[in-house]
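# Chains, contacts and geometry: an overview
What follows is the residue order along each chain.
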Amino acid sequence: MKTIVLTALMVPCVYGQAPAPAVPMQGGAAVASENSDYRLNFQAALSIVPADTEFVMGMFDVSATVKKLAGSKLAHLLHGGDAIEVPLQVLGVRDVVVSCGKGAAESMRSLAPLYAAMRVTKDCDMLNDLLADGEAMETWMAGLSDKAVAGALDAAKNWMNAGTLPPLLVVLTPERAMLPMAEAQMSSMIDMLKTRAGEWSGVFHEGDYAGVHFSGICIEGSQLAERLQALTRLMKPDMKKPLSELLEGLKARKLYVLGAVIDGRIVLSVTEDPSAQLKLAANADESVLKTDKLAFADDKLAYKPNFLMYTDKEIVAAMEAGERARYAGTAQLLERVVEMADWPDRKMMKDAKASLASVFGPLSDAEGGAEPCASTCLAWEQDGLRVEIVGSKSGWLDDSRPLALASLANNPDTILLMEQAVNPVALKTLANMVENAAACMWYGSTIGEGLSSSRALKEEREHVESIKALWKCCRTIGEGLGTDSAIVVDGNGSFPKDLSPATQHILDQMTAPRVALYTSVKDRSRIIAGWNELSSLVEKMALKEGLARKDWEKMLPTSFRISSFGQGGTVYSFSEDANQPNCEPSLVLTDQSLVAGTSRQWNEELAGIAQSSNGTCKGALFAFRVGGVKKWMDRNASFVRQIVGKSELVEEFFAGVAALDSIMDGIYASAVNEGDRCVFRIHFKMK
């Protein structure tokens, strides 16, 4: 479920991507001269990173990239037209590589309980803000917070006694002209540590590791624990023992921060045991370059990638386990809240706990999830900026159905298109979570209000049952909907004829933005049945609340019209005037699709496009076209000025759109499962 939000926002890039000429990591034919320096620097920065590295992140041509970005038209536009100053420290950096060696995944697993416990303390603070109301409630929440803090101290103590930190290696390559300055600063830092390491609770340390002489500081846990001992006097009595045990475990720990200069590169290592963990590759053939871990960047080297990242499968699995532990911890916290609350009867408490389990169960349960795989990320310049992220297969996406409206991403009138095909099982799970999350929010409000048996509990339960009945109707409608859904916006709509008598002659010449919501249909009869049930239920609730039937009937649309569309389709319109199809809010329902929007004419067009679609794009799609906004502006700017007069805000908007359109085509993104992996692609397309 973690990928739901990201997948819903990211969306297959319909623009074809020209393949880059292959540039192998090792050997092969000579590359073009303009790329040879980059390739040499790329390999040099990675050539000392060991082959058993479990995580590696690299930023290349940092100085040149930052200067290019700072001087770009887009940066100037976003910065109000002013020049952007780049710090000298950044301009002095050519490449940066950060890696974690063998044992990083094991370290991540050992940190998972501590991470979960720390998040629970934050959740406690949030609950305190939501629920604490009055002295009794504040005392109750304070006790809960104390338990969370004690749990975090206990998790920290356990990690101190048995956990590890991932061994970190940083390789920084300065620009050639900056190397003497960087070496001088490194030497100065080492000289300072020789006399002042104690100020950082450490001692100066130097030694030969992996055939290189390193110098730096050893931060000793015993010194740090002695300085932190004063904190025990400030803690509550029941917290002093856990903190003392934590500090006792800290005494046995050491952390080495060491550095060296190797062939014009500054190498920094952060490790608990440099003798065992500080490793360097003797040459490129023994480095990560010789493995297949960075093979995903091979065919993009000709484009000189600015950024890459590789995360080993075991680290991904450890991180996912940490997230599951985090949600399990939050669920336990909320269960304690439920158990401590003053409920009118035991049934309500059981219902609250069941709702909590339904919300957090899918988040903390590993069963049914995709098999973790190594994760990669690559960013490069090609018609703008492209980013490609590969991760574990997404259970959210429906791989069986093509996207019906994907072709609209190429339409020059389109302003926005967001479309995705969702796995029915995942959608059902999400619906259950939403339903139970709403129930949890209601239970939380009753706790915050101090619900007791003295209140009209019968009325409260009737209210809850009504909400459940409304949701059941929505679920019935949902059962009839398919897996493909979209939001589409363009600028080809019209304004109603009777909108504004004073400016109607101008509005008649303008076009208006059009918005439409589309979803595929699985069972049309279920949608109609759910809608009829919902309408009937809302009417009963309104009349029960004392609303007269004649007043209720006045609230209903007087111009609700039903007409036919295509072969068996139905149009539900919400406008009296059938002669204004381009500004008539309506809903089109066929056996294949449902489209609701501000223009009956467009809704029918979209239903036709969806019905005749033969595209192959799958997964999720996003397209924002600057040209679509500019096209609408060009058609309507003079009319807008006639209506609003001189407006600085309007003129700034028009100027901003024109400036952005001159340099940028749009933003296109996608998410699609390819085999056992999910690939996210983002393209900031420039002109």
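Here's a quick rundown of the structure. (Residues numbered from 1 in each chain as written. Predicted model: local features only at pLDDT ≥ 70, side-chain atom pairs only at ≥ 80, totals over all residues. Heavy atoms only, no water.)

For the rest of this paragraph, the subject is the overall build of the protein. What the protein contains, in helices and strands, is 21 helices and 20 strands. The buried share of the protein, reckoned over its 687 residues, is 44%. Total accessible area on the protein is roughly 34600 Å²; 58% of this is exposed by carbon and sulfur atoms. (Helix = DSSP H or I, 4+ residues; strand = E, 2+ residues; numbered from the N terminus. Buried < 20%, exposed > 50% of the residue type's maximum accessible area, 1.4 Å probe, protein only. Areas by Shrake-Rupley, 256 points an atom, 1.4 Å probe, with all protein chains shown as cover.)

This part covers helix α10 (residues 237-250). With 14 residues, α10 should cover 20 Å at 1.5 Å per step; its first-to-last C-alpha distance of 21 Å lies within 8% of that length. Every buried residue belonging to α10 is among M239, P242, L243, L246, L247, G249 and L250, and all of these are buried. An end-on view of α10 places all buried positions within 155° of arc, on one side of the element. Residues of α10 that are exposed and point more than 90 degrees away from the buried face comprise P237, K241 and E248. (Expected span 1.5 Å × (residues − 1). Arc of directions from axis to C-beta.)

Moving on: the nonpolar core. Membership of the largest hydrophobic core comes to 32 residues, with the highest contact counts inside it found for F42, L46, F60, V97, F214, L280 and L294. Broken down by secondary-structure element, the contributors of at least two residues to this core are α2 (33-46), β3 (168-174), β5 (212-220), β6 (254-262), β8 (307-311) and β9 (375-381). Setting aside anything within four residues of it in sequence, one finds L46 in contact with V56, F60, V97, S287, V288, L289 and L294. (Core = buried A, V, L, I, M, F, W, Y, C linked by side-chain atoms within 4.5 Å. Contact = heavy atoms within 4.5 Å.)

This part covers the packing of aromatic side chains. All told, the structure shown has four aromatic pairs when counted by the stated rule. Centroid distance Y38 to F60: 6.5 Å. Interplanar angle 75°. Geometry classified as edge-to-face. Here the residue Y38 occupies a position in helix α2, and F60 occupies one in the loop between β1 (55-59) and α3 (62-70), the gap between them amounting to 22 residues. For the pair shown, Y38 and F60 are each scored as buried. Three or more aromatic residues joined by ring pairs form one cluster here, namely Y38, F42 and F60. (Phe/Tyr/Trp six-rings, centres within 6.5 Å; stacked < 30°, edge-to-face > 60°.)

Mapped onto the elements, R324 comes out in helix α12 (residues 313-340). C-alpha of R324 to C-alpha of F360: the two residues are 36 residues apart in sequence and 9.3 Å apart in space. For R324, the contacting residues outside a window of four places in its chain are L363, S364, D365 and A366.

Once that is clear, we can look at the pairing of strand β18 (residues 620-625). Within β18, five of the six residues are buried, which leaves it mostly tucked inside the rest of the structure. Sheet topology places strand β11 (residues 414-421) next to β18; five bridges connect them, and they run antiparallel. Of the residues in β18, the one forming a bridge with L417 is A623. Looking at chain direction, β18 and strand β19 (residues 664-674) are connected through six bridges and run antiparallel. What sits directly across from F622, in β19, is A669. (Pairing = 2+ DSSP bridges.)

Another point: the packing of helix α20 (residues 626-644) against helix α21 (residues 648-663). Two elements in contact, α20 and α21, have axes whose closest approach is 10 Å; the angle formed by their N-to-C orientations is 155°. Classed by the angle they form, the pair α20 and α21 counts as roughly antiparallel. Crossing of α20 over α21 shows left-handed handedness. Side by side, α20 and α21 meet where V626, G627, V629, K630, M633, A637, V640, R641 and V644 of the first sit next to V650, E651, F653, F654, V657, A658, L660 and D661 of the second. By residue class, the composition of the contact of α20 with α21 is 12 nonpolar, one polar and four charged. (Axes fitted to C-alpha atoms, helices over the stretch in contact; angles between N-to-C directions. Parallel < 35°, antiparallel > 145°, perpendicular 65-115°, else oblique. Left-handed = near helix turned anticlockwise from the far one by under 90°. Nonpolar A, V, L, I, M, F, W, Y, C, P; charged D, E, K, R; others polar.)

Attention shifts here to the pattern of salt bridges. Opposite charge on two side chains permits pairing when their charged atoms draw close. Under the definition given, this model contains 33 salt bridges. Between D299 and K300 there is a salt bridge, with the nearest N and O atoms lying 3.3 Å from each other. Classification of D299 as partly exposed rests on a relative accessible area of 34%. In this structure, D661 and K687 form a salt bridge, with 3.2 Å as the shortest nitrogen-oxygen distance. In this pair, D661 is assigned in helix α21 and K687 in the segment after β20 (677-686), connecting sequence segments 26 residues apart. Residues participating in the shared-partner salt-bridge network are D154, K157 and E245. (Salt bridge = Lys/Arg side-chain N within 4 Å of Asp/Glu carboxyl O.)

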